[in-house]
Amino acid sequence: MTAAPNSSLRERKKRRTRQALIDTALELFTRRGFGGVTLDELCEEVEVSKRTFFRTFTSKEDVAMAPDQDLWRAFLEELETADPGALPVVELGRDALLAALERMDDEGWARRMLLSRRLAERTPSMGAHGLQFCEATTQEALAILDRRFGLGGPDDLRPRLAVDMLIAAFRGALASWVARADEADAEDGSGGFELPTAGELVDRLREAVAALPGGLALTVTPH
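Let us look at the structure shown here. (Residues numbered from 1 in each chain as written. Predicted model: local features only at pLDDT ≥ 70, side-chain atom pairs only at ≥ 80, totals over all residues. Heavy atoms only, no water.)

Some details on helix α5 (residues 66-81)
Between its first and last C-alpha atoms α5 spans 23 Å; for 16 residues at 1.5 Å apiece the expected length is 22 Å, and the two agree. The set of residues buried in α5 consists of Ala66, Pro67, Asp68, Gln69, Leu71, Trp72, Ala74, Phe75, Leu76, Glu78 and Leu79. (Helix = DSSP H or I, 4+ residues; strand = E, 2+ residues; numbered from the N terminus. Expected span 1.5 Å × (residues − 1). Buried < 20%, exposed > 50% of the residue type's maximum accessible area, 1.4 Å probe, protein only.)

Shown next, in the form of C-alpha cells:
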C-alpha cells in the first residue's frame, strides 16, 4: 500500500536533485568557465556523489545542455501523439515543437536556456555533444514519422529534409533570441536587464518557420 507514495517521493527527490545539478552547473560554468569547474567540484557544491551524477547525466556537457535537450525530448513526445490532420511535415513538427515549448513553463527555463546557449558558443566540446544529440533526435523523429505515417524509405529524403528544415528554423529563432538578450545586457551594463521569455522564443520560431521555402510539399496523413 505504501509503494506508490514512496515511489512518488523518490521521483520528486530525483527531479529536485537533477534540477539542482543543472542550475548549479550553469551558474558555476558561467562564472568560472566550463573548463574551470571539475565534476568533483560540481558534485561537492550540490552535495551529491559522482555516482548520483552519472545516474542522470553522462558528462559535464550533458548537464550543461540539459535545457535544450529537455525541450527536444518533449518535442519527440509531442510528435508521437500529434494529430496530423493534413499538415505539411514541417508544420506538424512546428506544432509539436511549439507544444514542447509550452511545457517549458518553469519560469527559470528561459534563463537556463540562455546560459546554456552562451556557454555552448564558447565551448567546443558542448558543440560536439550538441551535434550528437541533434542527430540522435533527428533519427528518433524520422522513426516516428515512418511508424505513424509511413513516411520515409531508402530513396525518400523528404522527411529528413523536413526535419532538418525545422531544426534550422529553431536554431535561427534561438540565435536571434540569444542575440536580443546579449544586446539588452550590453545596453544595461549591470546584468539586471529583463530576460527574454519562452513566449518570445515561440514568436521567433513561428516567424522562422513561416520564412521557410514552400517547395518541400510533403503532407502527413494517418498511417
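Continuing now.
Focus on the environment of Lys50
Tracing the backbone through its elements, the reader meets Lys50 in helix α3 (residues 50-56). Setting aside anything within four residues of it in sequence, one finds Lys50 in contact with Leu39, Asp40 and Cys43. (Contact = heavy atoms within 4.5 Å.)

A closer look at the nonpolar core
Ranked by size, the top nonpolar core spans 46 residues in total, and within it Phe75, Trp109 and Phe170 carry the most contacts. Ignoring any residue separated from it by four or fewer positions in sequence, one finds Trp109 in contact with Pro67, Leu71, Leu101, Met104, Ala198 and Leu201. Counting residues in each nonpolar core, the second largest holds 22 residues, with Leu26, Val37, Phe53 and Ala64 among its members. (Core = buried A, V, L, I, M, F, W, Y, C linked by side-chain atoms within 4.5 Å.)

Some points on the packing of aromatic side chains
Following the criterion strictly, the structure yields 5 aromatic pairs and no others. Ring geometry for Trp72 versus Phe75: centroids 5.1 Å apart, planes at 75°, classification edge-to-face. Residue Trp72 and its partner Phe75 are both found in helix α5; the two are separated by 3 residues, about one turn of the helix. Judged on exposure class, the residue Trp72 and its partner Phe75 are both buried. (Phe/Tyr/Trp six-rings, centres within 6.5 Å; stacked < 30°, edge-to-face > 60°.)

With respect to the packing of α5 against helix α7 (residues 109-121)
It is at 8 Å that the axes of α5 and α7 come closest, and there the two elements cross at 120°. Note on element contacts: α7 touches α5 through Trp109, Arg112, Met113, Ser116 and Arg117, opposite Pro67, Asp68 and Leu71. Residue classes in the contact of α5 with α7 are distributed as 4 nonpolar, 1 polar and 3 charged. (Axes fitted to C-alpha atoms, helices over the stretch in contact; angles between N-to-C directions. Nonpolar A, V, L, I, M, F, W, Y, C, P; charged D, E, K, R; others polar.)

Examining the pattern of salt bridges
What the rule picks out here adds up to 16 salt bridges. The residue Arg158 makes a salt bridge to Asp156 at a minimum N-O spacing of 3.1 Å. Owing to a relative accessible area of 23%, Asp156 belongs among the partly exposed residues under this scheme. In this structure, Asp164 engages Arg160 in a salt bridge whose closest nitrogen and oxygen atoms are separated by 3.2 Å. (Salt bridge = Lys/Arg side-chain N within 4 Å of Asp/Glu carboxyl O.)

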